[in-house]
Amino acid sequence: MAKVAPSAGAVVRHLVTSKRQQDVATREIERGIRQLASLGVTQRDIAALAGLSQPEVSRRLKRQQLTVDVDRLRSIVAEREAARLSSDEMIRALASAMTARRKPGRISAYDGASTSSPSSAELMNLFRSKAISRDEYEAVRALLRERKSR
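Residues numbered from 1 in each chain as written. Predicted model: local features only at pLDDT ≥ 70, side-chain atom pairs only at ≥ 80, totals over all residues. Heavy atoms only, no water.

### Structural notes on the side chain of E136
Here is step 1 of the chain: Tracing the chain through its elements places E136 in helix 7 (residues 134-149).
Here is step 2 of the chain: According to the relative accessible area criterion, E136 is buried, its value standing at 10%.
Here is step 3 of the chain: Within the structure, the side chain of E136 is placed 2.5 Å from the side chain of R80, a separation counted as a polar contact.
Here is step 4 of the chain: Sequence-distant contacts of E136, that is, excluding residues within four places in its chain, are made with R80, S87, M90 and I91. (Helix = DSSP H or I, 4+ residues; strand = E, 2+ residues; numbered from the N terminus. Buried < 20%, exposed > 50% of the residue type's maximum accessible area, 1.4 Å probe, protein only. Polar contact = N/O pair within 3.5 Å; in protein donor to acceptor, adjacent residues only side chain to side chain. Contact = heavy atoms within 4.5 Å.)

### Comments concerning unusual backbone geometry
Here is step 1 of the chain: A positive phi angle, close to 65°, is found at A83, a residue other than glycine.
Here is step 2 of the chain: Tracing the backbone shows A83 in the loop between helix 4 (70-81) and helix 5 (87-99).
Here is step 3 of the chain: Here the phi dihedral of K130 falls at roughly 65°; this positive angle occurs in a residue that is not glycine.
Here is step 4 of the chain: Within the secondary structure, K130 sits in the loop between helix 6 (118-128) and helix 7.
Here is step 5 of the chain: Overall, the relative accessible area of 69% leaves K130 in the exposed class.

### Considering the pattern of salt bridges
Here is step 1 of the chain: Across all of its chains, the model carries eight salt bridges by this definition.
Here is step 2 of the chain: Note that E56 is salt-bridged to R59, the shortest N-O span being 3.1 Å. On the criterion of helical spacing, the pair formed by E56 and R59 is a turn pair, its members being three residues apart in helix 3 (residues 54-66).
Here is step 3 of the chain: In this structure E56 comes out as buried when scored by relative accessible area, which is 19%.
Here is step 4 of the chain: Residues E136 and R80 are paired through a salt bridge, measuring 2.5 Å at the closest nitrogen-oxygen approach. Taken together, the residues E136 in helix 7 and R80 in helix 4 connect sequence positions 56 residues apart.
Here is step 5 of the chain: Three or more residues joined by partner-sharing salt bridges are found here, namely E30, E56, R59 and R60. (Salt bridge = Lys/Arg side-chain N within 4 Å of Asp/Glu carboxyl O.)

Structure (structure tokens):
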């Protein structure tokens, strides 16, 4: 029996699915790192479990303390997808979640982490993964610019 080559559409669908699965796995690893750290597990042990280096675990924990909870952004979008929020309500909630950052403490205050914006990168990821539309993405950015100029 002759083997049939996959169509370009099937390959693209597989690639998109794989990327979504990778994003979910990354978020789950981040969540697991935070949970284990809060339970008092050492960074060395967390690193061994997650297949990361101890310095990488340390960086991820410090970055988390300086930025918004990106899982919160995803949960806001999930609320809209479940029809519990309108698009306008989601836009306002995303903008609020992105501006509710903690002030840098003594850790990593001068390494640039406090001025970088992983939440902006996550917003772009939401757009790229088609979780939010271009109009919604631009509306959140406009609202953030407006709040920043006040």
